[in-house]
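Residues per chain, in single letters:
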Amino acid sequence: MIVHLLKPEFEELIKEKDWVALKDILNDVPAVDVAELLEELDADIAIVIFRLLKKRKAADVFTYLSSGKGMELLNMFTAQQLSEVMSNLEPDERVSLVEELPGHLTQRVMNSLNVEDRKQSQKLLGYPEESVGRLMTPRYVKVKKDWTVQRAMEHIREYGHSVETVNVIYVVDADEHLIDDLRLNQLILADPGAPISSLMDESFEALSAFDDQEDGVKMLSKYDRVAMPVVDSDGILVGIVTVDDIIDVAEEETTEDMQLMAGMSALDDYYSETTIFQMVKKRVGWLIMLFMGQMLTVTAMASYEDALAAAAMLSFFIPMIISSGGNSGSQAATLIIRAISTDDIKLNDWWMVLKRELFSGLLLGSFLGVMGSIVIATWMVLRGEVFSIGLVLQALTVGTSLVGVVVFGNLSGSMLPFVMSHFGLDPAVTSAPFVATLVDVTGIIIYFSVALLLLQGVVL
């Protein structure tokens, strides 16, 4: 909103090349809004604007730029400017940037760092991809339990300006093992002469540097923390993960799940930065797979060719039958995938879920079945069909099939995520398109099996 209000003024100052006035305004505008402005400018103008920013502000702005615009500016940075921007980034932000860069830019960025920052970045890059170790920052405040509160506060004042947050203070032993974490307000309200140990309860939660980043999202959400300590396999404190980093991960994971649930591979970048060729590549494989799956539907229908020839009326209701099953299956799959991802249910809860979805499927199917039978019978009469036992049985065929297909849709939609999770796969890939394809095939079989059972000797 701020950008849209100030944009005319920015454009006028850029046109007049009034860099002094522009510099004063830019440094009063939030970093995220400056980044939004740079996104809309040509690279040659954007780089000039970027150079007007103070060093710390420039680094903050850079973290909000899209990967495409960021790489565009990186290619135009002087060695000095690159070094200034990289040195002012948080360690986890540098690692996130390096992960996305092509080889030649990665080398240039690493070479621009001082020895300490380079070692720090290489250490973080040594952790597995998508791990908490890649996400953490080694900048935090730690104290010893035998210190007084006054000494701890003096330590915080001396080193707190260079860390990411001082909301939480970490207590370590002589070997750097994490033994507790304390809120800053605990220290502020405590007697200055009291030892840190008097504030401790030695109860804390920590992440492993090798945990998946999704575990970090869940832990910070579960314990409602702004930061959480990260330890290595020996319990030594190696860093912290903050809520702003976790929000980014949560957004990425949600986006990935939504794309998988649409029946496509997750994009590697934002939609606007993905080329048409890359988009097609991510989607075509899944479409081919789903298309081949639908061939099973054709095969199933072909096996009931005689029944269709004898009662062409049956074909009218096929879309309604299979779409009802697909819809119920998609609902169930979405509910269960989300419940699994939020730890609302565990893998060993499958039996409970099976019973719930069987019962809810019967209720939903019965409701649709009764309504469907009445609607179909009425529709057939209005079309001029003579009210007869054959008409009633055809309406019952549709209604009974709806019950069976909806129940099957519920069961398949709810159980497939458990099966995928059991084999270590993302349950999101068992989403709407796959469930719908499976229910299409099974729905045809259920529908014509019921028709053969009820209509044999009457219509067929």
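As shown above, the structure is provided for reference.
Bear in mind that the values here come from a model prediction, so they are computed numbers and not experimental data.

Enquirer: Run through the overall build of the protein, naming residues and quoting values.
Expert: For the protein, the count of helices and strands is 22 helices and six strands. Relative to the compact-globule value of 23 Å for 460 residues, the protein shows a C-alpha radius of gyration of 31 Å, a clear excess of over 25%. With the C-alpha coordinates of the protein rotated into their principal frame, the extents come out at 90 × 65 × 40 Å. Taken across its 460 residues, the protein has 46% of its residues classed as buried. A sequence separation of at least 24 residues applies to 69% of the contacts in the protein between residues at least 6 apart. Here the protein has roughly 24,000 Å² of accessible surface; of this, 60% comes from carbon and sulfur atoms.

Enquirer: Lay out the environment of Gly369 with the relevant residues and their values.
Expert: Mapped onto the elements, Gly369 comes out in helix α20 (residues 350-382). Expressed as a C-alpha distance, the spacing of Gly369 and Leu402, which sit 33 residues apart in the sequence, is 5.3 Å.

Enquirer: With reference to specific residues and values, describe the nonpolar core.
Expert: Judged by nonpolar contacts, the single largest core of 37 residues is most densely connected at Leu26, Leu38, Phe50, Phe62, Leu74, Phe77 and Met86. Contacts of Met86, omitting those with residues within four sequence positions, involve Phe62, Leu74, Arg94, Leu97, Val109, Ser112 and Leu113. Counting 30 residues, the second largest nonpolar core, distinct from the first, contains Leu314, Ala377, Met380 and Val450.

Enquirer: Give a detailed account of helix α14 (residues 213-223), specifying residues and quantitative values.
Expert: Taken together, the buried positions of α14 are Gln213, Gly216, Val217, Met219 and Leu220. The residue sitting at the N-terminus of α14 and contributing the capping side-chain oxygen is Asp212; that oxygen lies 2.8 Å from the backbone nitrogen of Glu214. At the C-terminal side of α14, Asp224 shows a positive phi close to 55°.

Enquirer: So what's going on with the sheet that holds strand β5 (residues 227-231)? Which residues, and what values?
Expert: Overall, mixed pairing links the three strands, which are arranged β4-β5-β6 in an open sheet. Edge positions in the sheet fall to β4 (207-208) and β6 (237-242), since each of these pairs with one other strand and no more. With five bridges joining them, β5 and β6 adopt antiparallel strand pairing. Opposite Val231, over in β6, you have Leu237 as the bridge partner. Against the sheet, α14 touches β4, β5 and β6, its axis set at about 135° to β5.

Enquirer: For the sheet that holds strand β2 (residues 168-172), give the residues involved together with the corresponding values.
Expert: If you walk across this open sheet you meet the three strands as β1-β2-β3, and the pairing is mixed. In this open sheet, the two strands that pair with only one neighbour each are β1 (142-144) and β3 (178-183). Along the sheet, successive strands turn relative to each other by an average axial angle of 35°, direction set aside. The pairing of β2 with β3 spans five bridges and is antiparallel. Considered in β3, the bridge of Val168 is made with Arg183.

Enquirer: Give me the lowdown on the pairing of β2, citing residues and values where you can.
Expert: Moving residue by residue along a regular strand, the side chains alternate between the two faces of the sheet. Burial analysis of β2 places five of its five residues in the buried class, which makes it a mostly covered element. Residues Val168, Tyr170 and Val172 of β2 are buried on one face, and the alternating residues Ile169 and Val171, pointing to the opposite face, are buried as well. Taken together, β1, helix α12 (residues 149-159) and β2 form a β-α-β motif whose crossover is right-handed. The antiparallel pairing of β2 with β3 creates a hairpin that spans five residues between the two strands, and Glu176 there sits at a positive phi of about 70°.

Enquirer: Tell me about the pattern of salt bridges, and name the residues and values.
Expert: For the structure on display, the rule yields six salt bridges. In this structure, Asp181 and Arg225 form a salt bridge, with 3.2 Å as the shortest nitrogen-oxygen distance. On the criterion of sequence distance, the pair formed by Asp181 in strand β3 and Arg225 in the loop between α14 and β5 is long-range, its members being 44 residues apart. Per residue, the accessibility class of Asp181 equals that of Arg225, and both read buried.

Enquirer: Before we move on, could you go through the packing of aromatic side chains and cite the residues and values that matter?
Expert: On inspection of all chains with the given rule, the structure shows nine aromatic pairs. Both rings, one in Phe50 and one in Phe62, keep their centres 6.3 Å apart while their planes meet at 75°; by these two values the pair is edge-to-face. In this pair, Phe50 is assigned in helix α4 (residues 43-51) and Phe62 in helix α5 (residues 55-64), connecting sequence segments twelve residues apart. For the pair shown, Phe50 and Phe62 are each scored as buried. For the ring pair Tyr127 and Phe210, a centre distance of 5.5 Å and an interplane angle of 65° mean the geometry is edge-to-face.

Enquirer: Account for the environment of Trp147, with residues named and values stated.
Expert: Relative to the elements of secondary structure, Trp147 occurs in the loop between β1 and α12. It is 38 Å that separates the C-alpha atoms of Trp147 and Ala58, two residues lying 89 residues apart in sequence. Setting aside residues no more than four positions away along its own chain, Trp147 makes contact with Lys142, Ala152, His155, Ala194, Pro195 and Ile196.

Enquirer: Run through the side chain of Ser66, naming residues and quoting values.
Expert: Following the sequence through the fold, Ser66 ends up in the loop between α5 and α6 (67-74). Residue class for Ser66 comes out buried when judged on its relative accessible area of 13%. Discounting chain neighbours no more than four positions away, the residues touching Ser66 are Glu39 and Glu273.

Enquirer: Account for the packing of α5 against helix α7 (residues 79-88), naming residues and giving values.
Expert: Where α5 meets α7, the closest approach of the two axes is 8 Å, and the angle between their N-to-C directions is 75°. When the axis of α5 is compared with that of α7, the two are roughly perpendicular. Seen from α5, the contacting residues are Lys55, Arg56, Ala59 and Phe62; seen from α7, they are Glu84, Val85, Met86 and Asn88. Class assignment for the residues of the contact of α5 with α7 results in four nonpolar, one polar and three charged.

The rules we used
Residues numbered from 1 in each chain as written. Predicted model: local features only at pLDDT ≥ 70, side-chain atom pairs only at ≥ 80, totals over all residues. Heavy atoms only, no water. Helix = DSSP H or I, 4+ residues; strand = E, 2+ residues; numbered from the N terminus. Rg over C-alpha atoms; globule rule 2.2 N^0.38 Å. Buried < 20%, exposed > 50% of the residue type's maximum accessible area, 1.4 Å probe, protein only. Contact = heavy atoms within 4.5 Å. Areas by Shrake-Rupley, 256 points an atom, 1.4 Å probe, with all protein chains shown as cover. Core = buried A, V, L, I, M, F, W, Y, C linked by side-chain atoms within 4.5 Å. Polar contact = N/O pair within 3.5 Å; in protein donor to acceptor, adjacent residues only side chain to side chain. Pairing = 2+ DSSP bridges. Axes fitted to C-alpha atoms, helices over the stretch in contact; angles between N-to-C directions. Right-handed = clockwise from strand over helix to strand, strands pointing away. Salt bridge = Lys/Arg side-chain N within 4 Å of Asp/Glu carboxyl O. Phe/Tyr/Trp six-rings, centres within 6.5 Å; stacked < 30°, edge-to-face > 60°. Parallel < 35°, antiparallel > 145°, perpendicular 65-115°, else oblique. Nonpolar A, V, L, I, M, F, W, Y, C, P; charged D, E, K, R; others polar.

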